[in-house]
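# Notes for the structure review
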Amino acid sequence: MTHTYTISGMSCNGCRTHVEGALNKVPGVIQATVKLQEEEAVIEMDSPIDLEVFREALHKEGGRYNIHPSGGHTHSEHKHASHSHPQSKGKGTGKFYCPMHCEGDKTYDEPGDCPVCGMDLVEEQSLAAVSTGEWTCPMHPEVVKDEPGDCPICGMELVPKEPDLSAEEKTYAKLLRKFRIATAFTLPIFLIAMSEMVPGNPIYRLMPLKYWNWVQFALSLPVVFYATWMFFQRAYSSVRRMSPNMFTLIGLGAGVAWLFSVSGLLFPGAFPEQFKTEAGTVHVYFEAATVILTLVLLGQLLEARAHSKTNSAVKELLKLAPNTAIKMEAGQEVRVGIDKIVPGDILKVKPGEKIPVDGVLTEGDTSVDESMISGEPIPVRKTAGDPVSSGTINGNQSFLMKAEKVGSDTLLSQIIQMVNDASRSRAPIQKLADKVSGYFVPIVVLIALLTFGAWAIWGPQPAYVYALVNAIAVLIIACPCALGLATPMSVMVGVGKGAQNGVLVKNAEALEKMHEIEYLIVDKT
């Protein structure tokens, strides 16, 4: 027999794994499958099992989870945000998802970090082509209105005063600012540390080594506690949720190097002689910690740039639909925002204008360029009763049309939605990468501990210094950035690039199976 229950208290894929494991351990359970997004558990059992038995099993997992009869409990979706972020006011939907798809199609209502992999959540692109804020005339900037329309002076169509920025563009701008700060403080640290390789070391003539160590410490503070502090927050979150990821290794490696250096700076007498330099100071590794963190920040910056570029494909599609339309009211032409149109409205489309919504031509005849949909360059003749689609371009005749589908119901909006869905879909090979990642981090930590032990026992003097440096090197070099990023980034960039070139990919699985195709047959368009 099979029963379905509602599960409350889950917030990430790690929670789902814990709940599923606990339910499968209950005697009499044949198979328990937990779905994170639906917040439900489907349990196959030999005979009826009391609900309190399941509750007791979940209570042993920490008391955060609970089980209820299906339909008898309403649980609001977990709203995750690692930091306090303002709600996006760009062209996004206000829904955020993990670009690594760690939790499938689960979305969040606020920006933040993925609770599984620690990556920045990405905002879905809105299907609405209307910008918010103030509108102005490109020829008369003194004209400012709260909604789209025509300039009262020259009649030109108003444009947004400030361009809307998506969450990805805001994230990219924030990371770029942090990267510049990190680079500005890391470069001097690196030059100070590497100066000992220069014959005669000219900077030591200015002041002794111990004071230069204090300078490195001071310069490292903005890098560690501002520019890259988010990496340590993600590392802590991954440990707390028992879901190790690449930030676990980064935080552990860079954190140990920085804390060791600070300890050596503040308490040099507590360290044995083999940890000290000829000048009597403890070896510090501020340059290693800050350079590593800055390089990881550069990787995050490039990733954010890729997300922003990919979403620009959706924005290019959004530009196919006009922001305004001419609505006929009591025989008068009134220009209104596209969001003010409802089914049944009569609209006027002038020569050369883009058709605002899907509908049917009611008066007049014209030719319409439908290459945006069909790829056919020859305009299609349209007469009364013929359907017209949003985003296609009117020819050299004015006509009246009746709006039938508006907003997200239009054909163009459905195309944009398909591009959004495709960029979020998971490729089958990604399941293998996810499985490997789960074992990868603990194994790397174990190898780092073995490396420390081996160098401490058999390494040259100063043995413990070499042991610490090489253990940290294992943690950092083994960071599975490529393992976690390669597949989803390939899907995102591939789908976005295809959309820019007029090729719409249904999902990531279709993209992955393309390599099996030997022949591609297309028509003339």
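Whatever comes next refers back to the structure up there.
Attention in this report is confined to the structure presented alongside it. Quick caveat, the model's predicted, so the values are computed rather than measured.

## Quick look at the layout of surface pockets
Counted as a void, the second largest pocket has a volume near 530 Å³. Forming the walls of the second largest pocket are 21 residues, and the residues nearest its centre are Ala 193, Glu 196, Thr 277, His 283 and Val 284. Elements with a minimum of two residues in the lining of the second largest pocket: helix H3 (167-194), helix H4 (209-227) and helix H11 (463-477). Each of domain 2 (167-320) and domain 4 (438-479) contributes no fewer than three residues to the lining of the second largest pocket.

## Remarks on the pattern of salt bridges
Scanning the model with the defined rule gives nine salt bridges in all. Notably, a salt bridge pairs Asp 345 with Lys 327, separated by 3.4 Å at the nearest N-O pair. With a gap of 18 residues between them, Asp 345 in the loop between strand E11 (332-337) and strand E12 (346-349) and Lys 327 in strand E10 (residues 324-329) connect regions that are remote in the sequence. Accessibility assignment for this pair places Asp 345 and Lys 327 in one class, buried. One network of salt bridges, in which partners are shared, links Lys 327, Glu 329 and Asp 345.

## Topic: the packing of H4 against helix H5 (residues 229-240)
It is the contact of H4 with H5, at a shortest axis distance of 5 Å, that shows an interaxial angle of 50°. As far as their axial angle goes, H5 and H4 are oblique. Residues Val 223, Val 224, Phe 225, Tyr 226 and Ala 227 of H4 touch H5, and the partners they reach there are Trp 229, Met 230 and Phe 232. Grouping the amino acids of the contact of H4 with H5 by side-chain chemistry returns eight nonpolar, no polar and no charged.

## Details of the sheet that holds strand E15 (residues 380-382)
Sheet architecture is open: three strands sit in the order E15-E14-E17, paired in antiparallel fashion. The open sheet has two free edges, formed respectively by E15 and strand E17 (393-394), since each of these has just one partner strand. In terms of strand pairing, strand E14 (residues 366-369) meets E17 through two bridges, oriented antiparallel. Along E17, the bridge assignment pairs Val 368 with Asn 394.

## Describing the environment of Asp 386
Relative to the helices and strands, Asp 386 is located in the loop between E15 and strand E16 (387-388). A relative accessible area of 23% means that Asp 386 is categorised as partly exposed. Residues Asp 386 and Asp 365, 21 residues apart in the sequence, show an inter-C-alpha distance of 9.5 Å. Setting aside its immediate chain neighbours within four residues, Asp 386 contacts Gly 359, Val 360, Leu 361 and Arg 381. From its side chain, Asp 386 meets the backbone nitrogen of Thr 383 in a polar contact 2.8 Å long.

Calculation criteria
Residues numbered from 1 in each chain as written. Predicted model: local features only at pLDDT ≥ 70, side-chain atom pairs only at ≥ 80, totals over all residues. Heavy atoms only, no water. 1 Å grid on protein atoms, 1.4 Å probe; cavity = no way out; pocket = protein on both sides within 12 Å on 5 of 7 lines; lining within 4 Å. Points joined across faces, edges and corners; volume = space filled by probe spheres on them. Helix = DSSP H or I, 4+ residues; strand = E, 2+ residues; numbered from the N terminus. Domains from an automatic or database assignment. Salt bridge = Lys/Arg side-chain N within 4 Å of Asp/Glu carboxyl O. Buried < 20%, exposed > 50% of the residue type's maximum accessible area, 1.4 Å probe, protein only. Axes fitted to C-alpha atoms, helices over the stretch in contact; angles between N-to-C directions. Parallel < 35°, antiparallel > 145°, perpendicular 65-115°, else oblique. Contact = heavy atoms within 4.5 Å. Nonpolar A, V, L, I, M, F, W, Y, C, P; charged D, E, K, R; others polar. Pairing = 2+ DSSP bridges. Polar contact = N/O pair within 3.5 Å; in protein donor to acceptor, adjacent residues only side chain to side chain.

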